[in-house]
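The primary structure of each chain is shown beneath.
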There are 2 protein chains.
Amino acid sequence: MFDVFAKECPSRQVFAHVTGRWGALVMGRLSTDPHRFSEIRRSIEGISDRMLAQTLRDLVDDGLVVRIDSGTNPPHTVYHLTEQGAVVAEAVRALVETVQSTMPTLPAH
Amino acid sequence: MFDVFAKECPSRQVFAHVTGRWGALVMGRLSTDPHRFSEIRRSIEGISDRMLAQTLRDLVDDGLVVRIDSGTNPPHTVYHLTEQGAVVAEAVRALVETVQSTMPTLPAH
DNA sequence: CGGCATCCGAATGGATACTG
DNA sequence: CAGTATCCATTCGGATGCCG
């Protein structure tokens, strides 16, 4: 079956996108609600246009996120999770909360 | 409180290590059992000595992993999770399984 | 507003050789 | 065995400018 520890397994790429530097944060953000490009950009401190666009494209290609472009001018594009994306995002959100709640007991940085 | 979406929050660094390209796989591997350096290296296809050493050092510094060096020759070093690391690793393991079980319903790559 | 194209420095990361 | 050191290629990713 699928094994993220295997180099050529397709799940490895999806896992890499989901756990990537920005992927996890984007999934975590979308886990609660659909959001516009600029909303996501503002809510994730430090991400650039370029990286957000690239990250979203990867997730759309993976089938975890849907891009809805109204086609109007000015543009109005909304991103939301697919059914499968919602399941994955829920696991990401759990990880986010676990890390955050574990922080107080970790040695200071 | 701690917020992984905030740029300067310490939790952001820990989250980055845990969700990094190799960090997530290392945590996932250690989630079941303690392992030696070479065992981890073999079990994660594609990782190099250099990246494994660096990844483990980050996780040790974060307080999620403990390094036990027997000091003998030949060396015998075992890595295992701290109490907090076990909690985080469990969330990582859940994410790994979620991604793997979701794969069959995703568009092919 | 939501991108894409280009440039370019910084960081990532593999290969190899070496050590206790 | 468990790393470290060095070198080098690839990728990351910010800045800027442009477009509909």
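This is a predicted model, so every value here is computed, not measured.

(A) The arrangement of the protein's contact with DNA strand D in detail. Around DNA strand D there are 19 residues in total, and R21, S48 and R50 of chain A together with R67 and Y79 of chain B lie nearest to it. Expressed as a percentage, the sugar and phosphate content of the atoms of DNA strand D within 4 Å of the protein is 68%. Contact distances for DNA strand D include 2.6 Å between a base nitrogen and a side-chain N or O atom of R50 of chain A. Contact between DNA strand D and R36 of chain B: a sugar or linking oxygen at 2.9 Å from a side-chain N or O atom of the residue. Secondary structure elements with two or more residues in the surface near DNA strand D: α4 (49–62) of chain A together with α3 (37–43), α4 (49–62) and β3 (77–81) of chain B. In terms of residues, the surface near DNA strand D owes the most to one element, α4 of chain B, which gives 4 residues. Taken together, the residues of the surface near DNA strand D break down into 7 nonpolar, 5 polar and 7 charged.

(B) Structural context of the protein's contact with DNA strand C. Not every one of the 19 residues close to DNA strand C is listed here, only the nearest: S38, R67, P75 and Y79 of chain A together with R50 of chain B. When atoms of DNA strand C within 4 Å of the protein are sorted by moiety, sugar and phosphate together comprise 70%. In this structure, R67 of chain A approaches DNA strand C through a side-chain N or O atom, which is 2.6 Å from a phosphate oxygen. One of the side-chain nitrogen or oxygen atoms of T77 of chain A is found 3.5 Å away from a sugar or linking oxygen of DNA strand C. Looking at the surface near DNA strand C, the elements that each hand over two or more residues are α3 (37–43), α4 and β3 (77–81) of chain A together with α4 of chain B. When residues of the surface near DNA strand C are assigned to their parent elements, the largest contribution, 4 residues, is made by α4 of chain A. Taken together, the residues that form the surface near DNA strand C break down as 8 nonpolar, 4 polar and 7 charged.

(C) View of the interface of chain B and chain A. Listed as interface residues are 45 residues of chain B and, on the opposing side, 45 residues of chain A. Both faces considered, chain B and chain A share a buried interface measuring about 4,100 Å² in area, 72% of it formed by carbon and sulfur atoms. Considering only the surface of chain B that becomes buried against chain A, F5, F15 and L95 of chain B emerge as the three largest contributors, covering 18% of it. Counting every contact that joins chain B to chain A gives 0 salt bridges. Taken together, the connections running from chain B to chain A amount to 8 residue pairs in polar contact (both at pLDDT 80 or more).

(D) Broad picture of the nonpolar core. One finds M27, L64 and L95 of chain A together with M27, L64 and L95 of chain B to be the most contacted residues of the largest nonpolar core, which totals 60 residues. For L95 of chain B, the residues in contact, after removing those within four places along its chain, are F15, V18, T19, V88, A91, V92 and L95 of chain A.

(E) Fine view of α4 of chain A. Residues and elements named next belong to chain A. With 14 residues, α4 extends 20 Å between its outermost C-alpha atoms, agreeing within 8% with the 20 Å of an ideal straight helix rising 1.5 Å per residue. Inspection of α4 places L52, T55, L56, L59 and D62 among the buried residues, and these make up the whole buried set. When α4 is viewed along its axis, its buried side chains cluster within an angular range of 120 degrees and face the same direction. Within α4, the exposed residues directed more than 90 degrees away from the buried face are R50, R57 and D61. Structurally, α4 contributes buried residues whose contacts are with α1 (10–19), α2 (23–30), α3, β2 (65–69) and β3.

Calculation notes
- Residues numbered from 1 in each chain as written.
- Chains lettered and ligands numbered in written order.
- Predicted model: local features only at pLDDT ≥ 70, side-chain atom pairs only at ≥ 80, totals over all residues.
- Heavy atoms only, no water.
- Near = heavy atom within 4 Å.
- Polar contact = N/O pair within 3.5 Å; in protein donor to acceptor, adjacent residues only side chain to side chain.
- Helix = DSSP H or I, 4+ residues; strand = E, 2+ residues; numbered from the N terminus.
- Nonpolar A, V, L, I, M, F, W, Y, C, P; charged D, E, K, R; others polar.
- Contact = heavy atoms within 4.5 Å.
- Buried area = accessible area lost by both parts, 1.4 Å probe.
- Salt bridge = Lys/Arg side-chain N within 4 Å of Asp/Glu carboxyl O.
- Core = buried A, V, L, I, M, F, W, Y, C linked by side-chain atoms within 4.5 Å.
- Buried < 20%, exposed > 50% of the residue type's maximum accessible area, 1.4 Å probe, protein only.
- Expected span 1.5 Å × (residues − 1).
- Arc of directions from axis to C-beta.

Any functional reading would require information beyond the geometric quantities listed.
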